Amino acid sequence: MHIFLMGVEELGKTSAAKILARAINCPNSKDGEPCNECEICKAMLEGRLTDVVEMDAASNNSVEDIRSIREEVNFLPTIAKYRVYIIDEVHMLSTGAFNALLKTLEEPPEHVKFILATTEPQKLPATILSRCQRFDFKKISEEDIVKRLKIICKDSNIEITEEALKLIAVLSEGAMRDSISILERCMQDSEGKVTEEKIKELVGIPKIEHISKITESMVEKNAEKALETIDEVIQEGKDLNNLLWEIIKYVKDILVYKATNKLDIYSKEEINKIKEISDKISKEAILKLIYNLSELENNMKWSTQKTIMFETGIIKNCIEIPNESLEQRVEKLEKQIKNGNIKIANSEKIETKPKVSIKPQEPKIQNFEVKTTSESGEYFSYWNDVINKLKSSGKIMVYTNLINTRAKQVNDTLQIEFKNGLTAFGKTVLSKPENINEISNIVNSLCGKQFKIKYIEGNINPQKENNNINLDGIDIPINIIEE
Ligand SMILES: [Zn+2]
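Note that the structure is a prediction, hence the values are computed from the model and not measured.

Colleague: What is the right way to read the coordination of the zinc ion from this model?
Modeller: Each donor-metal-donor angle would ideally measure 109.5 degrees in four-coordinate tetrahedral geometry, or 90 or 180 degrees in six-coordinate octahedral geometry. Donor atoms from the polypeptide that coordinate the zinc ion comprise C26 (SG), C35 (SG), C38 (SG) and C41 (SG), at 2.3 to 2.4 Å from the metal. Classification of the site at the zinc ion rests on its four donor atoms, whose angles at the metal span 99 to 120°, yielding the label tetrahedral. Mapping the donors of the zinc ion onto the primary sequence gives the spacing C-x8-C-x2-C-x2-C. In this pair, C26 sits in the loop between α1 (13-25) and α2 (39-45) while C41 sits in helix α2, placing the two residues 15 residues apart along the sequence. Judged by relative accessible area, C26 falls into the buried class, the value being 6%.

Here it is, written out as structure tokens:
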């Protein structure tokens, strides 16, 4: 196993890497702490142990740099147990360099350990991540970043708007150092007040109009409009990786808006646009879109033909993403039912041959249970923290599916209640063992107790008295059979 450190520079990944390198090599290490006194520790502390190699991928990212590592790893260490390679900012390696290193990382000789540090673990291929023991260095909250930036701006007499501060905090993604460097960049290039617009201009963020236009095109299945807009963005010299990242964030925000009717960082006008787009697409389709776009993002990282790949990916979504939601289909059916155009077979009293039958679907997945009465138990007070933790640790799919749920403690089980049921896609996401584990681990880390996780869907009452079946709870899985 390699060791993988992720997090922001300010929190000391690099010093942690050096301590780890000593700890795995020190013959007297106690509880994972190096003694710092033996020959090996001393040599490392003084930087004269050739068995430990430090490399900053930001400045040594060529294929040649990597080739030398590839040759070296075959030599046994001189005095230490392991040859240790500390590669800082590993995501900065060029594609060629990364490919050259891939095999060594995947099948390292026994006497070799890699310690990889990065702020952007999502840029590393899964084949490498799976061979790493990962340590996350916690990020700083956006609020705290804003607070600190405010102090800096005040001390340095920098005039800055509240929106600009917020935007910098969002852009830096919890890295104080990045937020300061964005601020510095803005100061170099702008006179007077630092505003949101100036930051966007400087950081190379594509305009929000472009981002929403491309998103809208995918929802409307308008490939031509999408390509035109992409062309405009390219003409402006904006980076496609940035563009895609912004689109993904935008689509996620549409989902958040759909689920909560709330969004913080947008203007009124922008929120109207988001509302307009969100009305045309179902939650399920948004999740599918996020999934597709994230996959595209991953593929683009290692591609030499980014533009073609990007455009193809967007067109693919124009074709694949359904723009009429299940909800809307159900609404339509409901109207037809009310108008008497369709009859429903929900009891044997109806004599005519049914055209549409609606019945609760048996949940196929064992983790799910449909209940009409609720078991007694206490509501789990940490539940909102669990959901927020999922969001902040990037488990967006799990997070979005758990919005508006409650959790009840029944003996050693945590029953998560979905008042309105769940979509098939939601079930697929939530029944993945790794996601159940993730939830269970977060629960454990917050309350110190191990719970079994169970999902409860309620309250379905199939015994309706009239023929007008109420389809308010449209998330309840139903079979619609049209004949
Ligand atoms: Zn030692």
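Colleague: So what exactly am I meant to see when it comes to the packing of aromatic side chains here?
Modeller: Aromatic ring pairs are defined here through the distance separating the ring centres and the angle between the ring planes. Counted according to the given criterion, the structure contains four aromatic pairs. Centroid distance F380 to Y382: 5.6 Å. Interplanar angle 55°. Geometry classified as tilted. Exposure remark for Y382: the relative accessible area of 33% places this residue in the partly exposed category. Each ring, one from F380 and one from F451, has its centre 5.7 Å from the other, and the planes form 70°; the classification is edge-to-face. In this pair, F380 sits in the loop between β8 (378-379) and α17 (383-392) while F451 sits in the loop between α20 (433-447) and β11 (452-457), placing the two residues 71 residues apart along the sequence. Across the pair, F451 and F380 agree in class, each one buried. One aromatic cluster is present, formed by F380, Y382 and F451 through successive ring pairs.

Colleague: So what exactly am I meant to see when it comes to helix α11 (residues 223-235) here?
Modeller: In an α-helix, one turn spans 3.6 residues; hence positions three or four apart end up facing the same way. Given a rise of 1.5 Å per residue, 13 residues ought to cover 18 Å, and the 18 Å separating the end C-alpha atoms of α11 matches this to within 8%. K225, A226, T229, I230 and V233 are the residues of α11 that are buried. On an axial view of α11, the arc spanned by its buried residues comes to 135°, and they lie on one face. Across α11 from its buried face, at more than 90 degrees, point the exposed residues E224 and Q235. Where α11 is buried, its residues contact α10 (208-220), α12 (240-260) and α15 (306-320). Just past α11, the residue G237 takes up positive phi, approximately 75°.

About the thresholds
- Residues numbered from 1 in each chain as written.
- Predicted model: local features only at pLDDT ≥ 70, side-chain atom pairs only at ≥ 80, totals over all residues.
- Heavy atoms only, no water.
- Donors = N, O, S within 2.8 Å, 3.2 Å for Na, K, Ca; no water.
- Tetrahedral: all angles 85-135°; square planar, octahedral: opposite > 155°, others 65-115°.
- Helix = DSSP H or I, 4+ residues; strand = E, 2+ residues; numbered from the N terminus.
- Buried < 20%, exposed > 50% of the residue type's maximum accessible area, 1.4 Å probe, protein only.
- Phe/Tyr/Trp six-rings, centres within 6.5 Å; stacked < 30°, edge-to-face > 60°.
- Expected span 1.5 Å × (residues − 1).
- Arc of directions from axis to C-beta.
- Contact = heavy atoms within 4.5 Å.

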